[in-house]
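# Residue-level structural notes
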Amino acid sequence: MTSKPNFLMPTNVESPSVSPFWEGLKTGRFLAPRCRDCGEIFFPPRSHCPECLGDVFTWEALSGKGYLYSWTELFFAQPEFDLPFLLGLVDLAEGIGRIAARISGATPEELSIGMPLEIRISNSGDGLALYYVEPFRIL
Amino acid sequence: MAIIGIGAVEVGRYPERRESDLALQVIRDALRDAQLSSKQVEGLFTTPDLQGNIGLQTNLLCEYLRISPKSMAEICCGAIAGGLTLKYAADEIQAGRIKTALCYGAVREASIGWFKNLSQGKGWAMIEPTALQPYAAYGIIWAYALSARRYMHETGATEEDFALAAVRNRKNAAGNPLAAFKKPIAVEDVLRSRYLSSPIKLLDAAASLDGAAAVVVASEDVARDLSPHPVYIQGWGLCHDNSCVIPTDDCSKSISHFTATREAARRAFQAAGVKPDDVDVAEIYAPFSSHELIIPEDIGWFENGEMVKAIRNGETDIGGKIPINTDGGLTSRGHPWAATPLYETISLVRQLRGAAGAIQVKDAKVGLMHCEGGMMNNGLVMIFGRG
Ligand SMILES: [Zn+2]
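Here the structure is a predicted model, which is why all the values come from computation and not from measurement. (Residues numbered from 1 in each chain as written. Chains lettered and ligands numbered in written order. Predicted model: local features only at pLDDT ≥ 70, side-chain atom pairs only at ≥ 80, totals over all residues. Heavy atoms only, no water.)

## Remarks on the nonpolar core
Judged by nonpolar contacts, the single largest core of 98 residues is most densely connected at Phe30(A), Ile99(A), Trp142(B) and Trp301(B). In terms of residue count, helix α5 (residues 141-155) of chain B provides more of this core than any other element does, nine residues in total. Formed jointly, this core draws a minimum of three residues from each of two domains, domain 1 (13-61) and domain 2 (63-139) of chain A. In this structure, Trp142(B) is in contact with Thr72(A), Leu74(A), Leu87(A), Ile127(B), Leu132(B), Ala136(B), Ala137(B), Ser197(B) and Ile246(B), ignoring residues within four places of it in sequence. Ranked by size, the runner-up nonpolar core spans 75 residues in total, among them Ile67(B), Val107(B), Ala206(B) and Val231(B). (Core = buried A, V, L, I, M, F, W, Y, C linked by side-chain atoms within 4.5 Å. Buried < 20%, exposed > 50% of the residue type's maximum accessible area, 1.4 Å probe, protein only. Helix = DSSP H or I, 4+ residues; strand = E, 2+ residues; numbered from the N terminus. Domains from an automatic or database assignment. Contact = heavy atoms within 4.5 Å.)

## What to know about empty space enclosed by the protein
Residues and elements named next belong to chain B. Counted under the stated rule, the structure contains two cavities of 30 Å³ or more. Taken as a whole, the largest cavity spans an internal volume of roughly 50 Å³. Every residue lining the largest cavity is listed: Asp241, Ser243, Val245, Pro247, Lys253, Ser254, Phe258, Met375, Met376 and Asn377. (1 Å grid on protein atoms, 1.4 Å probe; cavity = no way out; pocket = protein on both sides within 12 Å on 5 of 7 lines; lining within 4 Å. Points joined across faces, edges and corners; volume = space filled by probe spheres on them.)

## Regarding the coordination of the zinc ion
Residue and element names in this part refer to chain A. Coordination of the zinc ion by the protein comes from Cys35 (SG), Cys38 (SG), Cys49 (SG) and Cys52 (SG), over a distance range of 2.3 to 2.4 Å. Its four donor atoms give the zinc ion angles of 99 to 116 degrees at the centre, a pattern that matches the tetrahedral case. Donor residues for the zinc ion, ordered by position in the chain, follow C-x2-C-x10-C-x2-C. Residue Cys35 is classed as buried on the basis of its relative accessible area of 2%. On the basis of relative accessibility, which here comes to 40%, the residue Cys38 falls in the partly exposed class. (Donors = N, O, S within 2.8 Å, 3.2 Å for Na, K, Ca; no water. Tetrahedral: all angles 85-135°; square planar, octahedral: opposite > 155°, others 65-115°.)

## Describing unusual backbone geometry
Going from Phe43(A) to Pro44(A), the amide bond is cis rather than trans, its omega being -5 degrees. For Pro44(A), the location among the structural elements is in the loop between β1 (31-35) and β2 (57-61). With an omega dihedral of 5 degrees, the bond running from Ser198(B) to Pro199(B) counts as a cis peptide bond. The topology assignment puts Pro199(B) in the loop between β5 (195-197) and β6 (200-201). The residue Asn325(B) is not glycine, and still its phi comes out positive at about 50 degrees. Mapped onto the elements of the fold, Asn325(B) is located in the loop between α11 (306-312) and α12 (329-333). By relative accessible area, Asn325(B) is classed as buried at 0%.

## Description of the domain arrangement of chain A
Residues and elements named next belong to chain A. Parsing chain A into structural domains produces domain 1 (13-61) and domain 2 (63-139). Distance between the C-alpha centres of domain 1 and domain 2: 21 Å. On the domain 2 side, the residues contacting the 13 residues of domain 1 number 13 residues. Summed over both partners, the interface of domain 1 with domain 2 buries about 980 Å², with 80% contributed by carbon and sulfur atoms. When residues of domain 1 are sorted by the area they lose upon contact with domain 2, Leu25, Phe30 and Phe43 head the list and together hold 55% of the total. Inspection of the domain 1/domain 2 interface yields zero salt bridges. Seen at the junction of domain 1 and domain 2, the total is one residue pair in polar contact (both at pLDDT 80 or more). Among the elements that make up the side of domain 1 that touches domain 2, the one with the highest residue count is helix α1 (residues 19-26) (four residues). (Buried area = accessible area lost by both parts, 1.4 Å probe. Salt bridge = Lys/Arg side-chain N within 4 Å of Asp/Glu carboxyl O. Polar contact = N/O pair within 3.5 Å; in protein donor to acceptor, adjacent residues only side chain to side chain.)

Right, here's the structure in full:
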């Protein structure tokens, strides 16, 4: 087993306007804010709605599915990472935004752009839950 | 407006020299080339390298040069800023507020500070905390790698096609006295070099190095009086797309082609009254060989995906349809990022003066300079014409 954290601490975990997203991950939900002023649902979560700059939201759970938009295998990163590792740029299935996430459970040869992926959540210690992605497999 | 003076040091490493030392050398060379006295400098436009002197770069130069400009700015806008020094100098001259301006940029101790700062503080804020940050790595190679992979998916380009662009740049660099890397390389060398972030390999990537460059801009009447070979700034276009590095807030935003480059080029051609095919020689800001294929399609010389055939057929070589990065480009000239747009400009000025030596494009009359910031999130395209 590795002793490396394999992630970097995001800088907005404590930010009151975004913390519901990180809290949601702890309970297994991938949440996006919907603006109470204009109804826009957007991702990534931010302090203000990018459409109308409203700052009051309700938080909605997304499906946790996505599609691989592009990927890279990194051989060059901070000492926090075991190398190499696969990084995917993933379109959220709802079409509202993207995440760049570690790809687990696949080799580079098994990846193809457009393939369906599932967002998984891991407890990364320090009370932080993080997302990563795996190929979507129908059991 | 016209460029009447250029000065630069060979791209490399200068750990023993202070930035002010490099600055005074390249500024002196540019002023002598322009046959302008430092006391005649009316505008000073610089860009900091984010390691020191931020906010005091113009301050320091005014004392060291003993000049009192009427207009000045220290411009900080990512890697496009070196190009913006020229744009704002030209704006001030066009508005009639000044008649001469000095533009300057430099990077020192490149390897020590920039990537560390980008990862651990100053630049880190631009990596979206919720959507990217937990897994984003040093620098922004990973972002360009995602872009390159997507371009391969959409066009059928291969890693070998990217390698061809790196080889073209290296061949050209051999004829540029300011270039850092001149030893010839073959496609196999690029393909065998180690992966940094697939599909990008070591020899596909621009090395972050030290450099310093200065350019003197003047009004047309001053240029006519002083310069035997003015290079006219015929027009420019500028655009910032609504995105930051990798766009995460909208699945329709492309990372294989870039709106900012396209808009900047369209506006530049319109302002200068020329068409893409009128350009004889171009310097483009491609930090990785993959983007040597993407950017020419965005500027408008080729349709999407056509650069694959063009790079295989040598259409961007010296003597080809549109010679690109005749000075070695970012990958072989070397990449002192804050000064890179000024190095590109200097190479075009040499071409348009007919003074480019071994890399001269025959009878070059119109030159195009492209630079950008983030990952092509913004773009500046400037058109130059022979005097
Ligand atoms: Zn709103």
